Amino acid sequence: MALQLMKLVINASVTTNVDPTNTRFFNVTTAQTNAGSTLTIDAADFFQDDGTAVTALPTLATDNSYYNVYVNGVLQMDGLSTYTPGATAVGSLAITVPAGGDPILADSPVVLEVVNYTPSSTTTVST
C-alpha cells in the first residue's frame, strides 16, 4: 500500500461581533486659553448628553478604543490633546494650543467623544 497523507475533515464557522460604546462629554470654556498654553478640563467640569454631571471619564480599552476632541464643532488634530481617564481630580482632558496659533475663546464648546469596542467571536465546529 502506498503512503497517504492523513488529515482531519472539519468544517468550522466563525461569527465575530464588534460592539461600540460611544460616550460624549461636553464643556463650555470659562476663560480664553492663549497660544502656547494648555486648557485642562477636569472630569467634574464635563456634563453628559442628558445634562447630568460627569463623575468619571472612562478607561480606554487597550487596542479597541479611541477618543476625539472637538472645539467649536471642529475636530482637532490627535497630537494636541491628552486624555486621562478617572474620577474628579484624576480624569481630565488637556488641549495644548500651539504657539503662534489662535486662542480658544471663552464660551467655546468642547466635546470629548470616547469610543470603546467590545469584540467577541464564536466558533462553531462541525464534522
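Residues numbered from 1 in each chain as written. Predicted model: local features only at pLDDT ≥ 70, side-chain atom pairs only at ≥ 80, totals over all residues. Heavy atoms only, no water.

Concerning the layout of surface pockets
Of the volumes computed, that of the largest pocket is approximately 170 Å³. Surrounding the largest pocket, Val71, Asn72, Gln76, Leu80, Ile95, Thr96, Val97, Pro98, Asp102, Pro103 and Ile104 form its lining. Taken together, the residues that form the lining of the largest pocket break down as seven nonpolar, three polar and one charged. (1 Å grid on protein atoms, 1.4 Å probe; cavity = no way out; pocket = protein on both sides within 12 Å on 5 of 7 lines; lining within 4 Å. Points joined across faces, edges and corners; volume = space filled by probe spheres on them. Nonpolar A, V, L, I, M, F, W, Y, C, P; charged D, E, K, R; others polar.)

Describing the environment of valine 110
Along the polypeptide, valine 110 turns up in strand E9 (residues 109-126). Accessibility expressed as a relative area gives 0% for valine 110, which makes it buried. When the C-alpha atoms of valine 110 and glycine 73 are compared, they prove to be 7.6 Å apart, with 37 residues separating the residues in sequence. (Helix = DSSP H or I, 4+ residues; strand = E, 2+ residues; numbered from the N terminus. Buried < 20%, exposed > 50% of the residue type's maximum accessible area, 1.4 Å probe, protein only.)

Quick notes on the sheet that holds strand E6 (residues 81-84)
Reading across the sheet, the three strands line up as E2-E8-E6 and stay open at both edges, with antiparallel pairing between neighbours. For this open sheet the edge positions go to strand E2 (38-42) and E6, each flanked by a neighbour on one side alone. Across this sheet, the average inter-strand angle for adjacent strands is 10°, counted without regard to direction. Bridging between E6 and strand E8 (residues 92-96) involves four bridges; their strand directions are antiparallel. Bridge pairing in E8 places threonine 84 opposite serine 92. (Pairing = 2+ DSSP bridges. Axes fitted to C-alpha atoms, helices over the stretch in contact; angles between N-to-C directions.)

Points about the sheet that holds E9
Overall, antiparallel pairing links the four strands, which are arranged E1-E9-E4-E5 in an open sheet. The two strands at the open ends of the sheet, each matched to only one other strand, are strand E1 (11-28) and strand E5 (74-75).

Focus: the side chain of threonine 29
Assignment of secondary structure puts threonine 29 in the loop between E1 and E2. The class for threonine 29 is buried, based on a relative accessible area of 3%. Within the local environment of threonine 29, its side chain forms a polar contact with the backbone nitrogen of serine 108, the two atoms lying 2.9 Å apart. What threonine 29 contacts, discounting residues up to four positions off in sequence, is Leu39, Ile104, Leu105, Ala106, Asp107, Ser108 and Val110. (Polar contact = N/O pair within 3.5 Å; in protein donor to acceptor, adjacent residues only side chain to side chain. Contact = heavy atoms within 4.5 Å.)

As for the packing of aromatic side chains
In the structure shown here, the tally under the stated rule is four aromatic pairs. For the ring pair tyrosine 66 and tyrosine 117, a centre distance of 6.4 Å and an interplane angle of 35° mean the geometry is tilted. In this pair, tyrosine 66 sits in strand E4 (residues 65-71) while tyrosine 117 sits in strand E9, placing the two residues 51 residues apart along the sequence. We classify tyrosine 117 as partly exposed; its relative accessible area is 29%. (Phe/Tyr/Trp six-rings, centres within 6.5 Å; stacked < 30°, edge-to-face > 60°.)

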